[in-house]
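Inside the fold
In case you want the letters, here they are:
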Amino acid sequence: MLSAASVGGVIVYSLDGKVSRLAARADNTVKIPLRFFTEQEAVIVSAVASRIMPSDESGPGAREAGVVIYIDRQLAGPWGLDAHRYTHEPFDVGAPAEFGYQGSAPPQQIYREGLKQLAGFEQLPESAQDAKLTQIEHSVFFDLLRGNTIEGMFCDPLHGGNIDMVGWQLIGFPGPRMSNAAEIDKYHGEEFRPKPQSLDQVTQEPHRGSEDEAL
Amino acid sequence: MKSLPGTDIAIVGGGWTGLLLAKEIAQRTALNIVVLERGGPRRAGDYTNGMDELDFNVRFSLMQDYSKETVTLRHTPRDHAIPIRQLGNFLPGSGTGGAGEHWGALYPRHVPDLFEIYTKTVERYGEKKLPEDHAIVDWGITWAEIEPYYTKTDKLIGTSGKAGNLRGKITEGGNPFEGPRSEEYPTPPMKVSYFSSLFRDAVKSLGYHPYPNPSAILSTAYTNPDGIARPGCFYCGFCDRFGCMVGAKTQPTNTLLPILTTQKSVVLRNNCSVRKIVHEGNQARGVNYVDESGEECFQPADVVLLCSWTLNNTRLLLLSGIGEPYEPSTGKGVVGRNLTHQISASGVTLFMDKPLNRFMGAAASGICISDFDGDNFDHSNLPFIRGGLLRAMGTGFQPIVSFGTVPPSVKGRWGSEWKKAAVHWYDRVGGIGFSGEHIPYKMNYMGLDPTYRDHLGDPLLRLTIDWRDNEKEMFKFASAKGAEIARAMGAKKILMQAPYDHYDARRYQSTHIQGGTIMGRSSDASVVNTWGQHWQLHNLFIVGASTMPCQGAANPTPTVLALAYRTADALIDHYLKSPGLVA
């Protein structure tokens, strides 16, 4: 279980996986069930994601979007275990980069090992955190973390990230809008920013993501 | 091995070509047809809730499951091949409809001289102009022979666009470089996005010839000759890598399957992986496959139609021991030769002043120019042959895959400065794409891998492929043209895509792979005749881009479907009446 306050507070996950936001509270009484990370790991991932997409004057970041919860769910699902990657031996780890990732480790293992190098990260001042990330920014682990942070920032909220559609509001993406037929050839040169709606809201029924598929 | 009751026709693959052939045969004959599809079942109604970028556009839930099967890759015959372990350079489909479910539905015809590329190129520039190591050959058919079949496919799907050459007369608003069309498009062009309209105005000011991209996404409601009615597009932007929520984008499940389900003579079996075409003498006897429960089955058939996409068509011939595998060192053998992909790139990225509202759109709506396609421009003083299409598409951009494009002046790819720039530019970024020809070479080919196997234990297909100077020079030329247009569009800043280096399994080009079972006029240099009929096994027909001796800049599906119709005519009107090689 992860205390909500430790990842920015104020978000609540109900038993059926739905996400909502409570009025701000600073105590640690709201707990989020974790599927893969230990609480300590989740705190580090949350801190790293916040350096990749900081909460700053340009708008909310990974913390408000609940990126760590998104990543935790992805890692616990088929993607985290490489359920759809070709994993037959032999692994040619020395292959040139243009052959793509050739390691045997699935994302779960890459995260678990990568996080060991970042023990205590959440307690460092921001400048030291950035220096630490600069050291690893060309690693497979960092590439995954960066990619997953962007995913958790901008995915449909059904996947646990982009809480309250803060990511979509940040960039003016309206989510799955059923029709733009009346607008596509208007608004040329000016912003058209319909209020974001999630897939559940648009279709008025609940959806489950691939992370919830049986392994 | 369970031996099943025989059928008249066995079709391997339930995608565009397999289902189109099944429909034609069922409508025009009384024959029994079994379609074997390795993936699961799908219906048009499956997509009404599918507007989720993460699962479809990032995790690729409609694509082939690489944990079961992939291909291996090497750059030259001297290297050992390495498996492509995750989806990247192309996105094969699986399941009913195949890649025809998740395609972008761009629907351009090839330039007319592509079918006679060898003859026409040598005529104009001489043999010396052809790149070293090339394997360029004529297709054995001409524009005049394929055009009626292109038109037939247009009627099937209701293609949206504007003719530029109607029976030889150049018409305003269309592509003046296209081959003569016998008929106007069934439906008018799609609406275009703001960014595409800027491209149209800019290329016009530069003296080029913009036209609306031919689209298999309908601009208006259309009912086809089979009575299939589909609505016009709503420009939601969830097309490429998705199934269409309303059926405006034509897919096998919304255009062919509704007919097939009414035909008692057609049986579609899902989750059946064909491992071998069984043959004896000069006859195919049927196919062996593994069914959903894991049981090995033999399906006897009088005629076998191999319709399982380029890579599987080639691999199944090799696994079945049909035809001589191509050997590049001697030039002998035919199965596997002429592997081509496509040069497909977001050549130039533009950073614009005003917001673009680029969430609105459709994958096939946009503006193109063909001024630099094929041999539409003089290559006498250029270090390459052929060319491609420059386009500004209004694809409907989604945030996970689009976020983070920043001007070159922004350092880093994470943190506050990067985030601020990425947020600012998010809706001000557009691309001028380039889709260019990839000519065939003797050393780009397919074979079986000696090391890696699929989930059933069969060898994977091995691709030997790399980019050559012709592709690199063509891309350089196209990028410079793109930059010229970008400046005319008023871009504040421009980002040029890195030049082509080695063939890269991480870099998505397109899902357009050609060759391996190529067509031709002679059995020495091709696998099938121009009807798709196997030269040696006369009751085996091969359909799909595997029969294309080279790739055009245009997306291949219109040509694939036209050739499928042509095979249907050869099979039904000639072969079934008089079995033997169709003349």
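Everything numeric in this text was worked out from a predicted model, so none of it was measured.

Residues and elements named next belong to chain B. On the basis of which strands lie adjacent, the open sheet formed by six strands has the order 8-16-17-18-15-21 and antiparallel pairing. Strands with a single pairing partner mark the edges of an open sheet, and in this sheet they are strand 8 (211–212) and strand 21 (493–496). Here two bridges tie strand 8 to strand 16 (residues 366–369), and the two strands are oriented antiparallel to one another. Each bridged residue has a counterpart across the sheet, and for Tyr-211 the counterpart in strand 16 is Cys-368.

The final tally for this structure, using the stated rule, is 30 aromatic pairs over all chains. With 5.5 Å between their ring centres and 85° between their planes, Tyr-111 of chain A and Phe-141 of chain A make a pair best called edge-to-face. Of the two residues, Tyr-111 of chain A is situated in helix 4 (residues 107–116) and Phe-141 of chain A in helix 6 (residues 140–154); the sequence distance between them amounts to 30 residues. The same class applies to Tyr-111 of chain A and to Phe-141 of chain A, which are both buried. Aromatic pair Phe-154 of chain A and Phe-403 of chain B: ring centres 4.6 Å apart, planes at 45°, arrangement tilted. Within this pair, whereas Phe-154 of chain A is found in helix 6, its partner Phe-403 of chain B is found in the loop between helix 9 (399–402) and helix 10 (416–425), the two belonging to separate chains. The buried category is assigned to Phe-154 of chain A, whose relative accessible area is 1%. For Phe-403 of chain B, a relative accessible area of 6% translates into the label buried. In textbook terms, an aromatic cluster arises when at least three aromatic residues are bridged by ring pairs, as seen for Tyr-208, Phe-372, Phe-377, Phe-384 and Phe-477 of chain B. Lying across the ring of Tyr-426 of chain B, Arg-358 of chain B places its NZ or CZ 5.1 Å from the centre.

Moving on to the interface of chain A and chain B. Taken together, the contacts link 76 residues of chain A with 62 residues of chain B. Contact between chain A and chain B buries roughly 5800 Å² in total, counting both sides, with carbon and sulfur atoms accounting for 59%. Taken as a group, Tyr-86, Phe-99 and Ile-184 of chain A account for 14% of the area that chain A buries against chain B, more than any other trio of residues on that side. For the pair chain A and chain B, the interface holds four salt bridges. Linking chain A with chain B are 43 residue pairs in polar contact (both at pLDDT 80 or more). Counting only elements with at least two residues in the side of chain A that touches chain B, the list comes to helix 1 (39–52), helix 3 (67–76), helix 5 (126–136), helix 6, helix 7 (166–171) and helix 8 (199–203) of chain A. If one sorts the elements of the side of chain A that touches chain B by residue count, helix 6 of chain A sits on top with seven residues. Residue composition of the side of chain A that touches chain B, grouped by class: 33 nonpolar, 23 polar and 20 charged.

Residues and elements named next belong to chain B. The residue Glu-101 is located in the loop between strand 5 (82–83) and helix 3 (117–125) in this model. There is no salt bridge for the buried Glu-101, and the closest opposite charge comes from Arg-42, which lies 5.0 Å off by N-O distance. Excluding residues within four positions of it along the chain, Glu-101 makes contact with Arg-42, Tyr-47, Thr-96, Phe-242, Gly-243, Lys-249, Gln-251, Pro-252 and Thr-253.

Across chain B, pLDDT averages 97, with 100% of residues at or above 70. At the level of chain-chain contacts, confidence expressed as ipTM amounts to 0.96, with global pTM at 0.96.

Residues and elements named next belong to chain A. Over its 15 residues, helix 6 extends 21 Å from the first C-alpha to the last, a length consistent with the 21 Å expected when each residue adds 1.5 Å. Most of helix 6 sits inside the fold, with twelve of its 15 residues counted as buried. Those residues of helix 6 that fall on the buried side of the exposure criterion are Phe-141, Phe-142, Leu-144, Leu-145, Arg-146, Asn-148, Thr-149, Ile-150, Glu-151, Gly-152, Met-153 and Phe-154.

Below, the discussion takes up the side chain of Arg-391 of chain B. Residues and elements named next belong to chain B. With respect to the secondary-structure elements, Arg-391 resides in strand 17 (residues 388–393). Of the side chains with opposite charge, Asp-373 lies nearest to the buried Arg-391, which makes no salt bridge, at 8.2 Å. A distance of 3.5 Å separates polar atoms of two side chains, one belonging to Arg-391 and the other to Ser-435. Polar contacts involving the side chain of Arg-391 include one to the side chain of Asn-555, which spans 3.1 Å. In contact with Arg-391, other than residues within four places in its own chain, are Leu-106, Pro-108, Phe-199, Asn-213, Ile-367, Cys-368, Gly-431, Ile-432, Gly-433, Ser-435 and Asn-555.

Attention shifts here to empty space enclosed by the protein. Residue and element names in this part refer to chain B. In total, this model carries eight cavities of 30 Å³ or more according to the counting rule given. Estimated volume of the largest cavity: approximately 160 Å³. The wall of the largest cavity is formed by 18 residues, among which Pro-108, Arg-109, Asn-175, Glu-178 and Tyr-211 lie closest to the centre. When the residues that make up the lining of the largest cavity are grouped by side-chain class, the tally is nine nonpolar, four polar and five charged.

Residues and elements named next belong to chain B. Relative to the assigned elements, Glu-147 resides in helix 4 (residues 143–157). Residue class for Glu-147 comes out buried when judged on its relative accessible area of 7%. Separated by 199 residues in sequence, Glu-147 and Ser-346 place their C-alpha atoms 30 Å apart. When near neighbours in sequence (up to four residues on either side) are disregarded, Glu-147 contacts Arg-109, Pro-180, Arg-181 and Ser-182. Polar side-chain contacts of Glu-147 include one of 2.9 Å to the side chain of Thr-151. Polar contacts involving the side chain of Glu-147 include one to the main-chain amide nitrogen of Ser-182, which spans 2.9 Å.

So, how was this worked out
Position numbers for residues start from 1 in each chain and track the written sequence from start to end. Following the order in which they are written, the chains are lettered starting with A and the ligands numbered starting with 1. Reporting of local features is limited, given that this is a predicted model, to residues whose pLDDT is at least 70; pairs of side-chain atoms are given and counted only at 80 or more, and all residues count toward the totals for whole chains, interfaces and linings. Side-chain metrics rest on all non-hydrogen atoms present in the structure, leaving aside hydrogens and water. Pairs of strands are assigned from DSSP output, requiring at least two bridges between the strands. Only DSSP runs of H or I with at least four residues qualify as helices, and only runs of E with at least two residues qualify as strands; both kinds are numbered from the N terminus onward. When two rings of Phe, Tyr or Trp (its six-membered ring) have centres within 6.5 Å they constitute a pair, described as stacked for plane angles under 30 degrees, edge-to-face for angles over 60, and tilted for the intermediate range. Note on exposure labels: buried denotes an accessible area under 20% of the residue type's maximum, exposed denotes more than 50%, and partly exposed covers the range between, all computed with a 1.4 Å probe on protein chains only. Whether a charge sits over a ring comes down to the Lys NZ or Arg CZ being within 6 Å of the ring centre and within 35 degrees of the ring normal. When checking whether two residues touch, look at their non-hydrogen atoms; a contact exists if any pair is within 4.5 Å. Buried area is a sum: the accessible area each of two parts loses on coming together, probed at 1.4 Å, counted once for each and added. What counts as a salt bridge is simple: a side-chain nitrogen of Lys or Arg found within 4 Å of a carboxyl oxygen of Asp or Glu. Any N or O atom pair separated by 3.5 Å or less is treated as a polar contact, with the protein-specific requirement of one donor-capable and one acceptor-capable atom, and with residues adjacent in sequence counted only for side-chain atom pairs. All residues other than Ala, Val, Leu, Ile, Met, Phe, Trp, Tyr, Cys, Pro, Asp, Glu, Lys and Arg, Gly among them, are scored as polar; the first ten of these are nonpolar and the last four charged. When charges are tallied, Lys and Arg are placed among the positive residues and Asp and Glu among the negative ones, while His and the ends of the chain are skipped. Confidence scores here are pLDDT values: one per residue, from the predictor, ranging 0 to 100. Here the expected length of a helix is defined as 1.5 Å per residue gap, with one fewer gap than residues. A cavity here means a set of points on a 1 Å grid, drawn over the protein atoms and nothing else, where a 1.4 Å probe fits but cannot get out; a pocket is an open set with protein on both sides within 12 Å along at least five of seven lines, and a residue lines either one if it has an atom within 4 Å of a point. Grid points are joined across faces, edges and corners, and a volume is the space filled by probe spheres set on the points.

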